[in-house]
Amino acid sequence: MNLNQVLATYDSMFGKNSMQEIDAYLTNQIQVAFSEKDSLSALSLLSEMTSFCRDTSQKEKGIETCKQLLELMAELDMTGTLEYATALLNIASACRAFGMLQESLAFFEEVERVYLEKLEPLDYRFAGLYNNWALLYQEMGNFREAESKEKKALALIDQLPDTSIQRATTRSNLATTLLQLSQELEKEGNLSDAEKTYREALDYLQDSIARFEKEGGDDYHFGSALAAMGDAYFIKKEYEKSVPYYERALSELLKNMGKGEYYRRVKEHLTLAKKAAGILTEEEFRRNLDRCRAFYETYGRPLIQTKYAQYESRIAVGLVGEGSDCFGFDDAISSDHDYGIGFCMWVTREDFAQIGESLQRDYLSLIREYGSREQETVDPHLQERRGVFIIEDFYGNLLNLSSWEEDFDESTWLTISEHLLACGVNGEVYRDDLGEFTRIRRKLMAHYPEKVRRMRLAKALHEFSQNAQSNYARMMAREDYVTASLCVAQALKSAMEILYLLKKTYAPYYKWMRKGLEMLDFPAELLENIDRIACLPLQKDSWKGKKYSPYELNTEDAIVVSLEKLARDILNQMQSGTAPVNLGTAPADYRQDPFLDLYSQELLKNPEGKEEQMEQEKEVDFEELVDTIVKMEWKQFDKVRNEGGRASCQDNWETFSIMRKSQYLAWPMELVQAYLRDLIDADSRGWNMIMEKYGRMMESTVPEKYAQLSKEFPEINERRKNIQETIIAIQVEWMEEFATRYPNLAGNARSIHTTEDTPYNTSYETYLRGEISTYSEYTLFLYGQFIVSLKQQGENLAQHILQNTAHLYGYHTIESAEEGLKANPIVCSLRKE
């Protein structure tokens with residue numbers, strides 16, 4: 001096991017993956033270590049799992065992991081070693097978190113004994129010991145000992161270099177202890193010392209938060225510092241000041257730790273703070289839909305029954321239309337506007353002519369009387385949405401139509417704002433004996449015609465892809481952070497639009513789109529990823545020294561990684577969700593690429609969504625895929641600009657076709673499919689891979705020209721260069737071997753080595769380097785696996801390709817082609833293509 005790689009991957013997952021995914025990864029790697037009998041790796045990973053269980057409040061799994069760790073150390077006879085003490089420190093901290101305080105104390109004392117014997121006085125590990133030991137004393141209520149341990153840790157850390165985060169964390173821990181100590185002193189009547197200790201704690205917290213924010217606010221412990229500041233203000237009954245700190249803390253804790261025990265504890269403190277500050281909590285809030293329904297039953301129904309009895313069965317009543325309350329999305333914050341009481345009454349045009357004006361007057365009287373009695377302000381603006389309406393006019397005005405036509409044509413469906421359609425089907429209808437209002441409502445509820453839905457879906461997929469999978473990275477590479485932020489916001493909006501369309505549900509106004517998704521039965525992990533992306537700060541440091549590449553993800557940027565995961569989740573919903581989308585006739589194997597603009601084009605090709613059952617079900621034909629690749633390459637080859645004018649081989653389809661087919665017919669299916677996806681992806685981005693290939697060759701053949709072109713090409717990092725050169729070395733060796741066995745065939749192809757390059761001759765090695773430089777990371781990975789596999793089997797790819805070439809030119813064997821070339825050489829060779 002490559003432990004360093006495993007731990008690097010594990011560390012990189014925080015902030016990018018869910019806690020469940022991280023847990024599953026670490027659990028699997030522990031199993032792998034034991035299966036490989038790699039005890040040292042297992043030891044390290046068990047220690048990491050102990051910490052993870054502690055931080056995510058997994059008590060049972062954490063205790064079991066501690067037992068495994070102790071048993072393994074005993075088996076390896078590690079007692080008294082530094083490695084033993086380090087693992088024991090994790091166990092001590094876990095026991096403390098799980099409430100096993102006396103066991104924890106014994107472990108901490110043992111760790112200190114080993115450290116004092118083995119470490120130098122200024123070793124950083126002492127700081128970790130004292131910080132964690134202090135937390136135990138806090139749990140035990142011994143705040144003096146906790147303060148002593150934390151000040152020991154801080155004195156040490158402040159002397160060590162490159163410890164900015166650790167200094168922030170230790171100050172936060174110390175402040176938490178001092179806050180508790182100040183309360184204890186106050187209970188003892190020592191008010192002067194209590195206030196002094198409190199002020200000391202506040203100073204440490206302000207310093208801690210400032211240090212975290214200076215480092216970007218991404219550290220795991222930042223949420224704890226924010227929660228501690230909330231506690232500091234709560235203690236002094238400054239509840240309004242505590243609320244924003246608790247809210248920020250919850251956001252950080254959710255992002256880094258999930259909804260564990262500590263998260264719930266902070267949320268409880270937030271609820272108490274809001275209540276004490278007089279801020280309406282969600283539990284105390286009453287939805288306006290419920291208030292309005294009660295108002296109708298108490299006052300509205302009796303009015304209609306007594307004054308409009310003969311029309312009672314013809315008046316539809318309910319609450320539908322604009323406003324968060326009609327969706328049931330209103331909350332405590334919503335009560336500051338448009339929170340008034342009321343309901344709607346819908347009648348035919350004929351009935352309105354008879355009773356409309358008087359019914360409206362009586363309704364407004366009810367509202368005014370209620371407002372006066374309940375001391376509730378009547379909002380005149382809100383009353384434009386409530387009261388008496390002609391059925392057709394209500395829908396026409398709501399949907400912003402110049403005239404009402406019940407059966408919308410395609411252009412009308414496409415021009416109506418989707419959030420207005422959502423307003424037409426929200427809320428509640430209390431009664432509709434006549435059924436006319438409900439009839440129209442049900443037609444709208446049936447959602448878009450399929451062609452319109454697919455066209456809207458294509459637009460949303462394109463916009464997501466442009467912003468999330470292209471423009472965000474471009475803007476970060478350009479250091480245009482304002483536009484990068486807009487790209488993220490627009491990508492999330494487009495993603496939510498897609499999800500609503502997949503569920504055949506109209507999306508509400510943008511500020512309620514995220515809330516509405518909770519009603520649509522999507523996987524919690526998908527929604528959590530959307531939330532995670534929204535909370536992530538721009539990853540400026542991850543772009544230092546980076547160039548934009550349309551083919552390579554910057555996996556150091558957590559936003560890039562999370563957006564790509566969101567794209568994959570959307571693709572999964574499109575293909576296998578509760579309302580899968582027919583993506584056209586492309587084979588299912590093509591549909592693994594998360595670049596969503598590809599599917600936008602598929603939808604536009606087939607806007608009707610017609611089933612092509614025979615095409616979809618037939619097996620993928622390998623040679624058809626190869627033909628498709630060669631045709632796509634030919635189109636790109638045709639557009640390559642040559643300095644000396646159009647090359648003759650650009651008009652020789654037969655030779656081009658044979659040479660390219662010879663190569664791809666030697667590849668495995670998975671590699672062919674991956675490369676085809678590269679071509680489709682490049683085509684959708686307007687990128688010419690063949691032109692890039694020839695441009696990269698110029699680095700050896702015409703270096704001064706290459707210097708002018710190179711800035712247009714995606715950057716290739718050192719890791720990829722090393723992989724490519726390893727592959728190239730194997731293939732050059734194969735070509736050398738082939739040339740020895742088949743000199744006539746080899747002489748009819750390119751020269752082999754880059755050292756033989758001239759402005760008029762490009763070697764096989766240089767050609768290969770240019771070509772594989774255009775492959776996506778995934779295709780290069782598959783290609784590398786293919787090459788290594790052939791080498792291990794003693795195969796020669798050059799021979800396989802030239803064997804295919806011989807067959808396509810009509811020779812039965814490569815040997816007959818070798819003999820035939822003496823008298824009748826192939827007219828246009830590999831050198832010409």
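Scroll up a little and you will see the structure.
Residues numbered from 1 in each chain as written. Predicted model: local features only at pLDDT ≥ 70, side-chain atom pairs only at ≥ 80, totals over all residues. Heavy atoms only, no water.

**Q** Any details on the packing of helix α29 (residues 622-638) against helix α32 (residues 689-701)? Residues and values, ideally.
**A** Interhelical geometry of α29 versus α32 gives an angle of 60° and a closest axis separation of 7 Å. Between α29 and α32, the angle falls in the class oblique. Contacts between α29 and α32 involve Glu633, Gln636 and Phe637 from the former and Met689, Ile690 and Tyr694 from the latter. (Axes fitted to C-alpha atoms, helices over the stretch in contact; angles between N-to-C directions. Helix = DSSP H or I, 4+ residues; strand = E, 2+ residues; numbered from the N terminus. Parallel < 35°, antiparallel > 145°, perpendicular 65-115°, else oblique. Contact = heavy atoms within 4.5 Å.)

**Q** Give a description of the sheet that holds strand β4 (residues 428-431) that names residues and reports values.
**A** Pairing is mixed in the open sheet, where four strands are placed in the order β3-β2-β1-β4. Strands at the two margins of the open sheet, each flanked by one partner only, are β3 (387-390) and β4. Ignoring which end each strand starts from, the neighbouring axes of this sheet average 30° apart. In this structure, strand β2 (residues 344-347) lies alongside β3, joined through four bridges in parallel fashion. Pairing of Cys344 across the sheet is with Gly387, part of β3. Contacts from helix α18 (residues 391-398) reach β2 and β3, with the element oriented near 95° to β3. (Pairing = 2+ DSSP bridges.)

**Q** An account of unusual backbone geometry is requested, with residue identities and associated values reported.
**A** Positive phi is not limited to glycine here, since Asp77 has a value of about 55°. By the element assignment, Asp77 lies in the loop between α4 (59-75) and α5 (82-97). Taking the relative accessible area as the measure of exposure, Asp77 reaches 68% and is therefore exposed. Even without glycine at this site, Asp162 takes up a positive phi of about 55°. Within the secondary structure, Asp162 is located in the loop between α8 (143-157) and α9 (164-187). (Buried < 20%, exposed > 50% of the residue type's maximum accessible area, 1.4 Å probe, protein only.)

**Q** Please set out the pattern of salt bridges residue by residue, giving values where relevant.
**A** Across all of its chains, the model carries 50 salt bridges by this definition. Lys443 is paired through a salt bridge with Asp407; the nearest N and O atoms lie 2.7 Å apart. You can see Lys443 sitting in helix α21 (residues 436-445) and its partner Asp407 sitting in the loop between α18 and α19 (410-415), a full 36 residues away along the chain. The shortest N-O distance in the salt bridge between Glu771 and Lys693 comes to 2.9 Å. (Salt bridge = Lys/Arg side-chain N within 4 Å of Asp/Glu carboxyl O.)

**Q** I'd like a rundown of the packing of aromatic side chains, residues and numbers included.
**A** One pass over the structure, following the stated rule, counts 41 aromatic pairs. Here the guanidinium or amino end of Lys236 rests over the ring plane of Tyr198, the centre of that ring lying 4.6 Å away. Seen from the ring of Phe522, Lys503 lies directly overhead, with NZ or CZ sitting 4.8 Å from the centre. (Phe/Tyr/Trp six-rings, centres within 6.5 Å; stacked < 30°, edge-to-face > 60°. Lys NZ or Arg CZ within 6 Å of the ring centre and 35° of its normal.)

**Q** Which residues make up the state of the cysteines, and what values go with them?
**A** Working definition: the covalent bond between the sulfur atoms of two cysteines is a disulfide. Under the counting rule described, the total for this entry stands at zero disulfides. Its sulfur unpaired, Cys292 is 7.8 Å from the next cysteine sulfur, which belongs to Cys326. (Disulfide = S-S within 2.5 Å.)

**Q** Describe in detail the environment of Glu410, supporting the description with residues and values.
**A** By the element assignment, Glu410 lies in helix α19. On the accessibility criterion, Glu410 (35% relative accessible area) is partly exposed. Taking the C-alpha atoms as reference points, Glu410 and Val452, separated by 42 residues in sequence, lie 6.9 Å from one another. Beyond its immediate chain neighbours, meaning those up to four positions away, Glu410 contacts Lys451, Val452 and Met455. Only 3.3 Å separates the side chain of Glu410 from the side chain of Lys451, close enough to count as a polar contact. (Polar contact = N/O pair within 3.5 Å; in protein donor to acceptor, adjacent residues only side chain to side chain.)

**Q** Go over the packing of helix α34 (residues 718-741) against helix α36 (residues 764-772), please, and point to the residues and values.
**A** The interhelical angle for the contact between α34 and α36, taken along N-to-C directions, is 145°, at an axis separation of 10 Å. Remark: the crossing between α34 and α36 carries right-handed chirality. Mapping the contact onto sequence places Arg720, Gln724, Glu725, Ile727, Ile728, Gln731, Val732 and Met735 in α34 and Tyr764, Glu765, Leu768, Arg769 and Ile772 in α36. Grouping the constituent residues of the contact of α34 with α36 by class yields seven nonpolar, two polar and four charged. (Left-handed = near helix turned anticlockwise from the far one by under 90°. Nonpolar A, V, L, I, M, F, W, Y, C, P; charged D, E, K, R; others polar.)

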